[in-house]
Amino acid sequence: MPRTWGVAAASAALLFGTVQAGTAQASGAGAVGTEALPLCPTVFGHGGYPTGPSPWERDQIRQPNNPKALAPQKSWGAGGVEADLQLTKDGTKGVMWHNTTTNGLTGTRAPITELWWATGADQLKGRTITRGPYTGETVYTFRQWLDSAGSLNLVALVELKGEAKQSLLNSDSAIRERAWNEVIAPISERTASQRIMIYTHDADLKPELDRRIKAAGLAATLTGHPSWVDSVDWEEPPPAASGNYASWQAALTRLGSTTASVPMATSWTKDFTTWLKGKCV
């Protein structure tokens, strides 16, 4: 069954809630026997980033911040993707990029917050990725990325990066309001036809993000976020997915008899969706 959101998933639960596992076989640990299977989660794909000392030196730019990265997530069975929203200088453009600087892009290295989108010799527009599976792809604006995710029917989970507070919490009201418009307006323009969620890890930004989202009538974008199911830290080259089997099984066991597809996030999208086969419906 397709891992869809909302009503479709609930309907599937009613249809398949009593299906038995039979003799289905599954890879990895914890294959289900003859008991009723839980409803499959909605899988959110995330690009792995190394841990430990100097991770930026090993990062292979795997984050699904461009259309070339979105397509395989869809093909691997993801129902959603997690990506990264930053703002260029003075909040002038919302762009999809993970790193604090242009590390991993052509051109001189500089913080994203110090670059204009399409002005100056060091502009961000037109730079391309220099390593990893998406080499040659450019940096996309927030609106472009949302449209690409929407065209693939992928739920968009957006992390507003803490660096963006350079403009979002700026003392200059003109900069501040322009910056927030780059965050809020693209969501407002698409929320009627596209499932979008947004969050931030930054403690200073979070209260204002919550306030602005609710004031815009977009409170649903703050709810329904997936739980993280991996237990292995990402590294380059990627560790074997089998190290996550125990935590994946624990997450699946916690589902029980859910009546809606529970969102779960992983950096091993293809491995996770393959592992789920035969363990849920």
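On a predicted model such as this, the values are computed, not experimentally measured, just so you know. (Residues numbered from 1 in each chain as written. Predicted model: local features only at pLDDT ≥ 70, side-chain atom pairs only at ≥ 80, totals over all residues. Heavy atoms only, no water.)

*Asks:* Explain the overall build of the chain to me, using residue names and the numbers behind them.
*Replies:* What the chain contains, in helices and strands, is eight helices and eight strands. Relative to its 281 residues, the chain shows a buried fraction of 49%. Contacts in the chain between residues at least 24 apart in sequence constitute 70% of all its contacts with a sequence separation of at least 6. Of the roughly 12200 Å² of accessible surface on the chain, 55% is carried by carbon and sulfur atoms. (Helix = DSSP H or I, 4+ residues; strand = E, 2+ residues; numbered from the N terminus. Buried < 20%, exposed > 50% of the residue type's maximum accessible area, 1.4 Å probe, protein only. Contact = heavy atoms within 4.5 Å. Areas by Shrake-Rupley, 256 points an atom, 1.4 Å probe, with all protein chains shown as cover.)

*Asks:* Give me the lowdown on the nonpolar core, citing residues and values where you can.
*Replies:* The biggest cluster of nonpolar side chains holds 28 residues, and the ones touching the most others in it are Leu85, Trp145, Leu160, Leu168, Trp180, Val183 and Ile198. Among the secondary structure elements, those contributing two or more residues to this core are β2 (80–87), α3 (142–151), β5 (155–160), α5 (173–190), β6 (196–199) and α6 (205–215). Counting residues per element, this core draws most heavily on α5, which supplies five residues. Residue contacts for Leu85: discarding those within four places in its chain leaves Gly94, Val95, Met96, Phe142, Val158, Glu159, Leu160, Lys161, Val183 and Ile198. Among the nonpolar cores identified, the runner-up in size contains 15 residues, and Cys40, Trp248, Met264 and Trp275 belong to it. (Core = buried A, V, L, I, M, F, W, Y, C linked by side-chain atoms within 4.5 Å.)

*Asks:* Could you give an account of the packing of α5 against α6, naming the residues involved and the relevant values?
*Replies:* Running from N to C, α5 and α6 point in directions that differ by 60°, and their axes come no closer than 11 Å. Judged by the angle between their axes, α5 and α6 are oblique. Our pair here, α5 against α6, has a crossing hand that is right-handed. For the pair formed by α5 and α6, the contact residues are Arg176, Glu177, Trp180, Ile184 and Ile187 on the first element and Leu205, Glu208, Leu209, Arg212 and Ile213 on the second. Residue composition of the contact of α5 with α6, grouped by class: six nonpolar, no polar and four charged. (Axes fitted to C-alpha atoms, helices over the stretch in contact; angles between N-to-C directions. Parallel < 35°, antiparallel > 145°, perpendicular 65-115°, else oblique. Left-handed = near helix turned anticlockwise from the far one by under 90°. Nonpolar A, V, L, I, M, F, W, Y, C, P; charged D, E, K, R; others polar.)

*Asks:* Outline the pairing of β2, listing residues and values.
*Replies:* Within β2, eight of the eight residues are buried, leaving the element largely enclosed by the surrounding structure. The alternating pattern of β2 places Gly80, Glu82, Asp84 and Gln86 on one face and Val81, Ala83, Leu85 and Leu87 on the opposite face, and all of these are buried. In the sheet, strand β1 (residues 42–45) pairs with β2 via two bridges, with the strands oriented parallel. The residue bridging Gly45 from the neighbouring strand is Val81, located in β2. (Pairing = 2+ DSSP bridges.)

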